Amino acid sequence: MWNYVDETNQQQKATGVELRQLISQGIVNKDTMVWTQGMSEWQPAIAAVPNLFQKTAPVAPPPPPMNRGQRDRRTDEIDYEIFGDDMQIVEVELDPHETVVAEAGAMNYMEDGITFEPRMGDGSQAATGGLMGMIKNVGQRVLTGESIFMTHFTNTASSKRRVAFAAPYPGSIIPVHLNEIGGEITCQKDAFLCAARGTQLSIAFNKRLGAGFFGGEGFILQRLRGEGLAFLHAGGTVIKRELKNDTLRLDTGCLVAFSPGINYGIEQAGNLKSMFFGGEGLFLATLQGTGTVYLQSLPFSRLADRILQHAPTTGGSSVGEGSVLGELGRLLDGDN
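Residues numbered from 1 in each chain as written. Predicted model: local features only at pLDDT ≥ 70, side-chain atom pairs only at ≥ 80, totals over all residues. Heavy atoms only, no water.

### Overview of the pattern of salt bridges
This model, assessed by the stated rule, comprises 8 salt bridges. For E117, the salt bridge identified is with R119, shortest N-O distance 3.2 Å. In this structure E117 comes out as partly exposed when scored by relative accessible area, which is 41%. For R223, the salt bridge identified is with E184, shortest N-O distance 3.1 Å. With R223 in strand β16 (residues 220–225) and E184 in strand β13 (residues 184–187), this pair connects stretches of sequence that are 39 residues apart. Via salt bridges that share partners, E91, E93, D95, K160 and R162 belong to a single interconnected network. (Salt bridge = Lys/Arg side-chain N within 4 Å of Asp/Glu carboxyl O. Buried < 20%, exposed > 50% of the residue type's maximum accessible area, 1.4 Å probe, protein only. Helix = DSSP H or I, 4+ residues; strand = E, 2+ residues; numbered from the N terminus.)

### Considering the sheet that holds strand β8 (residues 107–110)
The antiparallel open sheet is built from 4 strands, whose spatial order is β5-β6-β11-β8. On the outer flanks of this sheet lie β5 (79–83) and β8, each paired with one strand and no other. If you compare each strand with its neighbour and ignore which way they point, the axes differ by 20 degrees on average. Judged from the 5 bridges that link them, β5 and strand β6 (residues 89–94) form a sheet pairing that is antiparallel. What sits directly across from I82, in β6, is V90. (Pairing = 2+ DSSP bridges. Axes fitted to C-alpha atoms, helices over the stretch in contact; angles between N-to-C directions.)

### Section: the pairing of β6
Counting buried residues along β6, 5 of its 6 residues qualify, which places the element largely inside the surrounding structure. Hairpin remark: β5 followed by β6, antiparallel, with 5 residues in the connecting loop; positive phi at G84, about 95 degrees. Across 6 bridges, the pairing between β6 and strand β11 (residues 161–166) is antiparallel. By the bridge assignment for β11, E91 is matched with A164.

### What about the sheet that holds strand β12 (residues 171–177)?
Taking strand neighbours across the sheet as the criterion, the 6 strands line up as β9-β10-β7-β14-β17-β12 in an open arrangement whose pairing is antiparallel. The strands lining the two open edges of the sheet, one partner per strand, are β9 (114–119) and β12. For this sheet the average axis-to-axis angle between neighbouring strands, irrespective of direction, equals 20 degrees. Examined bridge by bridge, strand β7 (residues 99–103) and strand β14 (residues 192–196) share 3 bridges and lie antiparallel to one another. Bridged to V100 within β14 is A196.

### Here's the deal with the nonpolar core
If you look at the biggest cluster of nonpolar residues, it comprises 19 residues, and the most contacted ones within it are V176, I185 and L232. Of all the secondary structure elements, the ones that give two or more residues to this core are β12, β13, β14, β17 (229–235) and β19 (255–258). Considering every element that reaches this core, the biggest residue donor is β17, with 3 residues. Beyond its immediate sequence surroundings of up to four residues, V176 is in contact with I181, I185, G228, L229, A230, L232 and Y294. With 17 residues, the next largest nonpolar core counts L94, F153, F165 and C194 among its residues. (Core = buried A, V, L, I, M, F, W, Y, C linked by side-chain atoms within 4.5 Å. Contact = heavy atoms within 4.5 Å.)

Rendered as structure tokens:
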């Protein structure tokens, strides 16, 4: 049994449990005089029962369980800025020790402190499967028609540095946040430009026979997986469409990329008259489902065909250019 002196200077009694409650309620404070059997004299409560005044830190709740995507996150978080309209450059800002992976030859310029190294692979966790993993990665690069090496640009300085990449032909650069579209995107095999380290590059086989032969993209597409930023390149103007259980028909060469949930197929371009005289070819690509689709206005193959069609060296016409001396003038000024 405890004795204490209340605010009115009256002596009161309380059990140990009651004294604890009085302390928690503030009725008994650290300066309140208390006494119990075994004590030689009255003492302040803080001296007699110091343990009752020790504030126990609240037990923090356990952290929420990490999902698999968080546990496997290996992608660097990079910042970027895109310059230009038709001949665009993407400038990537890297924090110290961050890395961006790019196709060989895509680099335009880089600041001091950026080092680069060609490697067989994209640097993702999935690409570190020993010798067999390396051989598989090289084989996939060969099938897509790309260089077997990819260049890794790393910021080795103590502050932020920038490196820029440009596409090999006129068009637009598309920033894709993979974590916003299901962590994956399938694109034409030459669309990849660069991506944050940790993005996995692989091939995706077109399982539909018609789409493989007549879809404009062939049987081999490129698949990007990860949670960070990836940059694609396409010809002309790029349009982003969101499909919600819709069907979209397009020219077979105008498809750039599509997210999971989109089915890619081929159908005939109308009747015989439309197929042979409509100017749109024999087949149209069809996209069905729910997801994100990127379209390009000028496929590179179409641009190349038009250039070859008008190239004088291949029998095309030369109109509105050259000197008044004709062939002799072009010979003198170095055009031939």
